[in-house]
Amino acid sequence: MEQQNFEQPQTFFEKHKTLAKGLFIGFLVLLMLIPTAYIMVLVTERAHRQNEVIAEISDKWAKEQTITGPVISVPYYVDVKNKDGGTVRSKRALYLLPEQLSINGKVMPEIRHRSIYDVTVYRSDLVLQGSFDPTVLKAKYDLADDLDWNNAQLIVGINDARGLEEEPQLKWADTSTYLETSLAYIKNIDETLSADIKFNSNEKTNFRITLKLKGTGQLYFTPSGKTTTVNLSSTWSTPAFDGKYLPDRTPKLSDSGFSASWKILQASRGYPQCWSDDTQPDFQKSAFGVKLIQQADHYTKTERSVKYAILIISLTFLVFFFIEMLQKKSVHLLQYILVGIALCVFYTLLLSISEYAGFNIAYLIAATATVSLITWYIKNIFSKNKVALAFAAALSSLYIYVFFLIQLKDYALLFGSIGLFIILAIVMYYSRNIDWYNSSKTKKIN
């Protein structure tokens, strides 16, 4: 009797092997986000260390500077009743801002090195000049007979007096003197410089202040004048104009430096020309100026690169999976994991090399090393140079695309969306002829 052979029915996993493998690869993509999250923490820690170095150098050099004023304090005396019913003479003050204030300055940046970090510091030559009009006080306050004009003070606020490289000089009318550290109080001002002056109550008085001041990172001013003009120039080529006001004309920028100017009117600054000592305005809210930013912040760019990790890992796995389907050869899941680890190591290479060589060179080195390693691995898996070169071209294009997005900044979303649409179209085009129902009949590779 002839023996019959019955074909054993396929299990559910065998019938849907391609679908199961695709789902597991999707799970691997999500799993690879765990090491990228740790890499993001590492980038944050290194950036925090850089900020600590900046703070350490600032503590020894001078911190960020904001020039406030000048302000004139004019004392007067009033009779105040005490607890016993008698009266005592109490000293008060009125404050006056300049009618005109013109600030002209040059900023000379320097790069200080500590460990592997660079910190931008600066020296500056500043000249503040303008005039004060005493009739503003006389018109607003009915204290003309009580004001002690001969004991007035001119006050200038700064953030860090350690930044003074020379004695600040004041020319008041025809008299020259120096500004000295004082205890004069101005709201939210860390340190003040002042000089005693004799204020002629019947006419405007001109002044000129010369400051040689150093600081770290940024230099700000407050619009103290009824009309304030500021003109700054520097050899720094990558400034950031910041604060409440932007330059009133387009700044001139070039590789050799910048020049910028501001003009601010009293009506736009938010506080009056004069006030009494019980109503101090907050000058810091109106501060403006320039930041000397680093041209390439490699930590920021590395952080942005890590944010694209899910794109690189998922698309690399997708290309790997398609090659597997097209070549009819099964790739072990462990080999997917090894490729995923290589993609994650790219970011640690990028971070570590960028601290020494800058972001662009580090990206080139890390991407070249990663693409070469994975291409060599693909070549050994499929034993075909053509397949390996095609994979290398796809992965290289992906890294170039991400680098392009990082440089774009403001247009990254637009070109990122267009790029993803093009990638999706390419995937759909090359997957149109795959027989997904029979794709499980493949040769296994270990």
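Residues numbered from 1 in each chain as written. Predicted model: local features only at pLDDT ≥ 70, side-chain atom pairs only at ≥ 80, totals over all residues. Heavy atoms only, no water.

### Re the overall build of the chain
Here is step 1 of the chain: Counting secondary structure elements, the chain contains 10 helices and 19 strands.
Here is step 2 of the chain: Taking all 446 residues of the chain together, the buried fraction comes to 45%.
Here is step 3 of the chain: Sequence-distant contacts, at least 24 apart, represent 78% of the contacts inside the chain between residues at least 6 apart.
Here is step 4 of the chain: Here the chain displays about 24,200 Å² of accessible surface, and carbon together with sulfur accounts for 56% of that area. (Helix = DSSP H or I, 4+ residues; strand = E, 2+ residues; numbered from the N terminus. Buried < 20%, exposed > 50% of the residue type's maximum accessible area, 1.4 Å probe, protein only. Contact = heavy atoms within 4.5 Å. Areas by Shrake-Rupley, 256 points an atom, 1.4 Å probe, with all protein chains shown as cover.)

### Points about the packing of helix α5 (residues 298–307) against helix α7 (residues 333–357)
Here is step 1 of the chain: Axis separation between α5 and α7 bottoms out at 10 Å; the angle between their running directions is 170°. As far as their axial angle goes, α7 and α5 are roughly antiparallel. Residue-level inspection shows His298, Tyr299, Thr302, Ser305 and Val306 of α5 in contact with α7, the latter providing Tyr347, Leu350, Leu351, Ser354 and Glu355.
Here is step 2 of the chain: Its residues placed into classes, the contact of α5 with α7 shows five nonpolar, four polar and one charged. (Axes fitted to C-alpha atoms, helices over the stretch in contact; angles between N-to-C directions. Parallel < 35°, antiparallel > 145°, perpendicular 65-115°, else oblique. Nonpolar A, V, L, I, M, F, W, Y, C, P; charged D, E, K, R; others polar.)

### Focus: the side chain of Thr302
Here is step 1 of the chain: You can see Thr302 is positioned in helix α5.
Here is step 2 of the chain: Judged by relative accessible area, Thr302 falls into the buried class, the value being 0%.

### Notes on the confidence of the model for the chain
Here is step 1 of the chain: With 87% of its residues at a pLDDT of at least 70, the chain reaches an overall mean of 80.
Here is step 2 of the chain: Per-residue pLDDT stays below 50 along residues 442–446; that stretch engages in 15 contacts with residues further than four places along the chain or on separate chains. (pLDDT = per-residue confidence, 0-100.)

### Considerations on the sheet that holds strand β15 (residues 257–265)
Here is step 1 of the chain: The strand order across the open sheet formed by eight strands is β7-β6-β10-β4-β3-β12-β15-β14, and the pairing between neighbours is mixed. With one partner strand each, in any of the chains shown, β7 (175–178) and β14 (252–254) form the two edges of the open sheet. With strand direction ignored, the average angle separating the axes of adjacent strands in the sheet is 15°.
Here is step 2 of the chain: Examined bridge by bridge, strand β4 (residues 117–132) and strand β10 (residues 205–216) share 12 bridges and lie antiparallel to one another. Residue pairing across strands places Leu128 opposite Ile209, the latter belonging to β10. (Pairing = 2+ DSSP bridges.)

### Some details on the packing of aromatic side chains
Here is step 1 of the chain: In total, this model carries 19 aromatic pairs according to the counting rule given.
Here is step 2 of the chain: For the pair Phe346 and Tyr399, a centre-to-centre distance of 4.7 Å together with 45° between the ring planes defines the contact as tilted. Here Tyr399 lies in helix α9 (residues 385–408) and Phe346 lies in helix α7, a separation of 53 residues in the sequence.
Here is step 3 of the chain: Looking at Phe346, the relative accessible area reads 1%, which means it is buried.
Here is step 4 of the chain: An aromatic cluster is built from Phe221, Phe241, Tyr245, Phe258, Trp262 and Phe288, whose rings are joined through pairwise contacts.
Here is step 5 of the chain: Here Lys214 stacks its cationic end above the ring of Trp61, 4.4 Å away from the centre of that ring. (Phe/Tyr/Trp six-rings, centres within 6.5 Å; stacked < 30°, edge-to-face > 60°. Lys NZ or Arg CZ within 6 Å of the ring centre and 35° of its normal.)

### Considering the side chain of Thr222
Here is step 1 of the chain: Summarising the element assignment, Thr222 is placed in the loop between β11 (218–221) and β12 (227–234).
Here is step 2 of the chain: Among the polar contacts listed, one links the side chain of Thr222 to the backbone nitrogen of Gly69, at a separation of 3.5 Å.
Here is step 3 of the chain: Leave out the neighbours within four places in its chain, and Thr222 touches Thr66, Ile67, Thr68, Gly69, Leu101, Tyr271, Phe283, Ser286, Ala287 and Phe288. (Polar contact = N/O pair within 3.5 Å; in protein donor to acceptor, adjacent residues only side chain to side chain.)

### Brief notes about α5
Here is step 1 of the chain: Counting buried residues in α5 gives seven out of 10 residues, a clear majority hidden from the surface.
Here is step 2 of the chain: Residues of α5 that are buried include every one of His298, Tyr299, Lys301, Thr302, Arg304, Ser305 and Val306, and no others.

### Thoughts on unusual backbone geometry
Here is step 1 of the chain: A cis amide bond links Gly69 with the next residue in sequence, Pro70, at an omega value of 10°.
Here is step 2 of the chain: Mapped onto the elements, Pro70 comes out in strand β1 (residues 65–81).
Here is step 3 of the chain: Positioned with a positive phi, Ala173 is a non-glycine residue whose angle comes to about 55°.

### Let's talk about helix α8 (residues 359–382)
Here is step 1 of the chain: Taking 1.5 Å of rise per residue, 24 residues should cover 34 Å, and α8 covers 34 Å from first to last C-alpha, within 8% of that figure.
Here is step 2 of the chain: For α8, the complete set of buried residues consists of Phe359, Ala362, Tyr363, Ala366, Ala367, Thr370, Val371, Ile374, Thr375, Ile378, Ile381 and Phe382.
Here is step 3 of the chain: Once α8 ends, the next one or two residues include Ser383, with phi positive near 60°. (Expected span 1.5 Å × (residues − 1).)

### Things to note about the pattern of salt bridges
Here is step 1 of the chain: Scanning all chains against the criterion turns up six salt bridges.
Here is step 2 of the chain: Two residues, Asp160 and Arg162, come together in a salt bridge whose shortest N-O distance is 2.6 Å.
Here is step 3 of the chain: In this structure, Asp248 and Arg249 form a salt bridge, with 3.8 Å as the shortest nitrogen-oxygen distance.
Here is step 4 of the chain: When salt bridges that share partners are traced, they join Glu110, Arg123 and Glu165 into one network. (Salt bridge = Lys/Arg side-chain N within 4 Å of Asp/Glu carboxyl O.)

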